[in-house]
Amino acid sequence: EVHLVESGGGLVQAGGSLRLSCAASGFTFDDYGIGWFRQAPGEEREGISCITARDQPTYYSDSVKGRFTISRDNAKKVVYLQMDSLKSEDTAVYFCAADDPKWLCGTTAMGPASHWGQGTQVTVSS
């Protein structure tokens, strides 16, 4: 069974930074792409970044491009999302998700994911 656990969320002031972590277990981590999604209350879930099993980020949404950076450590089975220059509109629950990178990590968009973490809350104060 695939298990994903997010951590690192919290409260931060606008302009600040947070680093989210997604710890994986129960599957061959190196074979999966990992994506980050977020969902604010009343909003659609938004795919914001995806990284392939070859440690190459293939997608950032326009809303986060230039501010967020995705990376992975296959030895530790952890994917990170470094979030800089945070804005109030970044407030959301952030999820990591795993799937075949062929389906998940596109060049212009993210696809659906089969496996999800529980989410971690990020709140940015203005």
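Shown above is the structure to which this text applies.
This report concerns the structure included in the present document. (Residues numbered from 1 in each chain as written. Predicted model: local features only at pLDDT ≥ 70, side-chain atom pairs only at ≥ 80, totals over all residues. Heavy atoms only, no water.)

### Considering the overall build of the protein chain
Here is the rule: Only runs of H or I of at least four residues qualify as helices and only runs of E of at least two qualify as strands under DSSP, and these elements are numbered from the N terminus. Each radius of gyration reported is based on C-alpha atoms, and the globular scaling rule is 2.2 Å times the count of residues to the power 0.38. Residue contacts are defined here by distance: any two heavy atoms, one from each residue, within 4.5 Å place the two residues in contact.
Each helix and strand counted, the protein chain has 1 helix and 11 strands in total. In sequence order, the protein chain lays out its α and β elements as β-β-β-β-β-β-β-β-β-α-β-β. Taken against the 2.2 N^0.38 rule, which gives 14 Å for 126 residues, the C-alpha radius of gyration of the protein chain at 13 Å falls within 12% of a compact globule. Seen through its principal axes, the protein chain has C-alpha atoms that stretch 40 × 25 × 25 Å. Restricting to contacts in the protein chain with at least 6 residues of sequence separation, those with at least 24 account for 59%.

### Quick look at the state of the cysteines
Between two cysteines, a covalent bond joining their sulfur atoms is known as a disulfide. For clarity, the threshold we go by: Throughout, a disulfide means two cysteine sulfur atoms within 2.5 Å of one another. We call a residue buried when its accessible area falls under 20% of the maximum for its residue type, exposed when it is over 50%, and partly exposed in between, using a 1.4 Å probe and counting protein chains only.
A complete count under the given rule lists 2 disulfides for this structure. Disulfide pairing is shown between Cys22 and Cys96; the S-S distance is 2.1 Å. Disulfide Cys22 to Cys96: torsion about the S-S bond roughly 70°, handedness right-handed. With Cys22 in strand 3 (residues 18-25) and Cys96 in strand 9 (residues 92-99), the pair connects residues that are 74 residues apart, well separated along the chain. Of the residues examined, Cys22 reaches a relative accessible area of 1% and is grouped as buried.

### Concerning the environment of Gly8
Structurally, Gly8 can be placed in the loop between strand 1 (3-7) and strand 2 (10-13). Here the alpha-carbon distance between Gly8 and Gln121, two residues 113 residues apart in the chain, equals 8.6 Å. In this view, Gly8 contacts Leu18, Arg19, Leu20 and Thr120; residues no more than four positions away in its chain are not counted.

### Observations regarding the side chain of Thr52
Position of Thr52 relative to the elements: it lies in the loop between strand 5 (46-51) and strand 6 (57-60). Contact partners of Thr52, with chain neighbours within four places excluded, come to Tyr32, Gly33, Thr58, Arg72, Pro101 and Cys105.

### Quick notes on the pairing of strand 7 (residues 68-73)
Residues in a regular strand project their side chains so that they alternate between the two faces of the sheet. Filter applied, for reference: Two strands qualify as a pair provided DSSP detects at least 2 bridges between them.
Here strand 7 shows one buried face, formed by Phe68, Ile70 and Arg72, and one open face, formed by Thr69, Ser71 and Asp73. Both strand 7 and strand 8 (residues 78-83) contribute to a ladder of 6 bridges, which runs antiparallel. Within strand 8, the residue paired with Phe68 across the bridge is Met83. Where strand 7 folds back onto strand 8 in an antiparallel hairpin, the turn is made up of 4 residues, including Lys77, whose phi is positive at roughly 55°.

### Observations regarding the sheet that holds strand 8
Formally: What counts as an axis is a line fitted to C-alpha atoms, over the stretch in contact for a helix, and the angles between N-to-C directions run from 0 to 180 degrees.
Taken together, the 4 strands give an open sheet; going across it, the order is 1-3-8-7, and neighbouring strands pair in antiparallel fashion. Of all strands in the sheet, those with a lone pairing partner are strand 1 and strand 7, marking the two edges. Along the sheet, successive strands turn relative to each other by an average axial angle of 15°, direction set aside. Across 6 bridges, the pairing between strand 3 and strand 8 is antiparallel. When the bridges of strand 8 are listed, Ala23 appears paired with Val78.

### Things to note about the pairing of strand 4 (residues 33-39)
Along strand 4, 6 of the 7 residues are buried, which leaves the element largely enclosed by surrounding structure. When strand 4 meets strand 9, the two strands line up antiparallel, connected through 7 bridges. Paired with Ile34 across the two strands is Ala98, which belongs to strand 9. Sheet topology places strand 4 next to strand 5; 5 bridges connect them, and they run antiparallel. Directly across from Arg38, in strand 5, lies its bridge partner Glu46. Counted along the chain from strand 4 to the antiparallel partner strand 5, the turn is 6 residues long, and its residue Gly42 has a positive phi close to 75°.

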